[in-house]
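Take a look at the letters that make up each chain.
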Amino acid sequence: MSRLVRLPADYRIYENQAEPLDRDQFLSLHKLPALSRLDLERFRPISKDAFASRMPAELTRDFASLRASMFSSLKLAPELLNSLVSWAADRELINLPIHIRDTDEGFQIGGKVILEHLSGSNSTWFLKAYHQNLSELEGSQKVLEKRFESIKAEFVRGLRPLIHGGIIPISEEQVWKKLSDVDVLVQDFFRTPYHCICFAGQTRTILVQSIDLDANDHADFFHELFHAIAGTSIVAREEQDGLDICLQRGGFAFSDPYDIATESDPHFGWLNEAVTEYLTRLLVPVSIAQQIENPESGAYQTEIALLELLVNKWGISQQVIFEAYFQDHDPAKPLGSRFPAWRALIDEFNFAFEPRFLQALDRFIWCREEAAQQALEILEGEDFSVISCWKEY
């Protein structure tokens, strides 16, 4: 039976030898894009102490809209609020005792304070926080780009044993070619709030949240770089203004290029993240890997457990999984043979379970909350009929 590759406990593929940037150096950050009229009026140096009461009425209304939008985003997404709590507490924008700073109690208290500031009539706190954010953004893009070049080099060095050992089916030359067009961009949390670092496949850009600039380590970037070197499928569609080129697949994540308005989750996203995070854990230091292995960490823990179960119990080939993850769609080949590794993976599932089981498993997980955990529990047993019935949906 095939098994997922395991490294000896004392073997380290990657070890970070670079001197870490100190906090002040790394928070000297971001070449800000052209400021809006609101930002120019509010944050030019001569008016640092100006607040909404001294701003023109139309700018006050604009800023109130931004604050209301932020309040709504944070109210609906606790993970966003927790990130802001940590950032604000570190800068003494909220008073949170050190001993509860990174605890559930601290996040609850800090989150309540911030939401009260954002929902009230006094905009002073939000203006201070936004000003602090902008001051940190200045120069950050150049600093991050410089750091990113070093991270890419260390990523490739870490891949070499996996490449030369035949574990991953991609050459170093192919890796560098795919990394050559990957950019990194700092996003302003106060205007585009989201939870964490991510890879935007359509633009081939790693997006880093402005309030998390000092929180992302090499493992975070390595995860996104695996997304960047994974295989892709590109489709072209006719638009009124010409030909539109769309990313249909990155790794195992399949999206509908003709239904982008819904922004629904991609199919097989669970498998894509499982393979991506599993490969990432082969590159980070053992000490970090052991921490990530802690079930309480929650970093795609369920998805990785499901991947290991499919390989170790049900005999799905690790080699075929990795082949499909890294293989690019070849439009020059005839229909039906442009992505052969995907067909081979489907055949693996058909043999281990029954025809169309991989599609059924994806629909089972894709359509339901917390379904990856349920799928894991089902496949730990022998009766998978609950999943099989999803072939008909």
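Up top you'll find the structure we're talking about.
All values reported here derive from a predicted model rather than from experimental measurement.

**Looking at the overall build of the protein chain**
- Broken down by element type, the protein chain carries 17 helices and six strands.
- Taken across its 393 residues, the protein chain has 47% of its residues classed as buried.
- Partitioning the contacts of the protein chain with sequence separation of at least 6, the portion at a separation of at least 24 is 66%.
- Summed over all atoms, the accessible surface of the protein chain reaches about 20400 Å², with 51% contributed by carbon and sulfur.

**Brief notes about the packing of aromatic side chains**
- One pass over the full model with this rule turns up 22 aromatic pairs.
- Judged by centre distance (5.9 Å) and plane angle (90°), the rings of Phe 364 and Trp 390 are edge-to-face. With Phe 364 in helix H15 (residues 357-366) and Trp 390 in the segment after helix H17 (385-388), this residue pair connects regions lying 26 residues apart in the sequence.
- Owing to a relative accessible area of 2%, Phe 364 belongs among the buried residues under this scheme.
- Taken together, the aromatic side chains of Phe 252, Phe 254, Phe 268, Tyr 325, Phe 326, Phe 339 and Trp 342 make up a single cluster linked through ring pairs.
- The ring of Phe 339 is capped by Arg 249, whose NZ or CZ atom sits 3.9 Å from the centre of that ring.

**Considerations on helix H16 (residues 371-379)**
- When H16 is considered as a whole, its buried residues turn out to be Ala 371, Ala 372, Ala 375, Leu 376, Ile 378 and Leu 379. In an axial view of H16, the angular spread of the buried residues amounts to 165°, which keeps them on one side of the axis.
- Looking at the buried side of H16, the elements it contacts are helix H12 (301-312), H15 and H17.

**Focus: the pattern of salt bridges**
- In the structure shown here, the tally under the stated rule is eight salt bridges.
- Lys 178 is the salt-bridge partner of Asp 328, the closest N and O atoms lying 3.0 Å from each other. With Asp 328 in the loop between helix H13 (318-326) and helix H14 (340-352) and Lys 178 in helix H8 (residues 172-179), this pair connects stretches of sequence that are 150 residues apart.
- Here Lys 178 falls in the buried class, since its relative accessible area comes to 16%.
- For Glu 277, the salt bridge identified is with Arg 281, shortest N-O distance 3.4 Å. In this pair, Glu 277 and Arg 281 are both assigned in helix H10 (residues 269-283), four residues apart and thus about one turn of the helix distant. When sorted by exposure, Glu 277 lands in the same class as Arg 281, which is buried.

**Details of the nonpolar core**
- Counting residues in hydrophobic clusters, the biggest one holds 103 residues, and the most contacted among them are Leu 345 and Leu 379.
- Sequence-distant contacts of Leu 379, that is, excluding residues within four places in its chain, are made with Leu 306, Leu 309, Leu 310, Lys 313, Trp 314, Phe 353, Phe 357, Leu 361, Phe 384 and Ile 387.

**Quick look at unusual backbone geometry**
- The phi angle at Arg 204 is positive, at roughly 50°, despite the residue not being glycine.
- You can see Arg 204 is positioned in the loop between strand S2 (198-200) and strand S3 (205-209).
- Among the residues examined, Arg 204 registers a relative accessible area of 16% and is labelled buried.
- Notably, Phe 268 is not glycine yet its phi reads approximately 60°, a positive angle.
- Considering the arrangement of structural elements, one finds Phe 268 in the loop between strand S6 (253-254) and H10.
- The class of Phe 268 is buried, set by a relative accessible area of 8%.

**A few points about the packing of H13 against H14**
- Look at H13 against H14: their axes get within 8 Å of each other, and the N-to-C directions meet at 145°. The handedness of the crossing between H13 and H14 comes out as left-handed. Along its contact with H13, which presents Val 320, Ile 321, Glu 323 and Ala 324, the element H14 presents Ala 341, Trp 342, Ala 344, Leu 345 and Glu 348.

**Describing the pairing of S3**
- Of all five residues that make up S3, five are buried, and the element is covered over most of its length.
- In S3, alternate side chains face the same way, and those of Thr 205, Leu 207 and Gln 209 on one face and Ile 206 and Val 208 on the other are all buried.
- As defined by bridge partners, strand S1 (residues 183-187) adjoins S3 across five bridges and the pair is classed as parallel. Looking across to S3, one finds that Leu 185 is bridged to Leu 207.
- As judged from the three bridges shared by S2 and S3, these two strands associate in the antiparallel manner. Bridge pairing in S3 links Ala 200 to Thr 205.
- Count of turn residues in the S2/S3 antiparallel hairpin: four residues, of which Arg 204 carries a positive phi of about 50°.

**Thoughts on the sheet that holds S3**
- Pairing is mixed across the open sheet formed by three strands, whose spatial order is S1-S3-S2. In this open sheet, the two edge strands, each paired with only one partner strand, are S1 and S2. On average, each strand axis in the sheet is tilted by 35° relative to the strand beside it, whichever way the strands run.
- Against the sheet, helix H7 (residues 140-164) engages S1 and S3, with an angle of about 145° to S1.

**A few points about the environment of Val 113**
- By the secondary structure assignment, Val 113 is in helix H5 (residues 104-119).
- The class of Val 113 is partly exposed, set by a relative accessible area of 28%.
- Along the primary structure Val 113 and Asn 95 are separated by 18 residues, whereas in three dimensions their C-alpha atoms are 9.2 Å apart.

Conventions and cut-offs
- The written sequence of each chain sets the order in which its residues are numbered from 1.
- Local features in this predicted model are restricted to residues whose pLDDT is 70 or higher, and side-chain atom pairs enter the listing and the counts only when it is 80 or higher, whereas totals over whole chains, interfaces and linings include all residues.
- Working from all heavy atoms in the structure, the side-chain values ignore hydrogens and water.
- Put simply, DSSP marks the helices as runs of H or I at least four residues long and the strands as runs of E at least two long, and each gets a number from the N terminus on.
- Only protein chains enter the accessibility calculation, which uses a 1.4 Å probe; a residue whose area is less than 20% of its type maximum is buried, one above 50% is exposed, and one in between is partly exposed.
- Whether two residues are in contact is decided by their heavy atoms: any pair within 4.5 Å suffices.
- Only the protein chains shown count as cover for residues, and the accessible areas themselves come from Shrake-Rupley with a 1.4 Å probe.
- Stacked, edge-to-face and tilted labels apply to pairs of Phe, Tyr and Trp rings (six-membered ring for Trp) whose centres lie within 6.5 Å, assigned for plane angles under 30 degrees, over 60, and everything in between, in that order.
- Each ring is checked for a lysine NZ or an arginine CZ that lies within 6 Å of its centre and within 35 degrees of its normal; such an atom marks a charge sitting over the ring.
- The directions from the helix axis to the C-beta atoms are what the arc is built from.
- Only one rule defines a salt bridge in this text: a Lys or Arg side-chain nitrogen within 4 Å of an Asp or Glu carboxyl oxygen.
- Think of a nonpolar core as a cluster: buried Ala, Val, Leu, Ile, Met, Phe, Trp, Tyr and Cys residues, connected wherever their side-chain atoms sit within 4.5 Å.
- Axes, fitted as lines to C-alpha atoms, cover a helix only where it is in contact. Angles between the N-to-C directions of the axes lie from 0 to 180 degrees.
- Crossings are assigned a handedness: left-handed for a near helix turned anticlockwise from the far helix by less than a right angle, right-handed for a clockwise turn.
- Note on pairing: two strands pair once DSSP finds at least 2 bridges between them.

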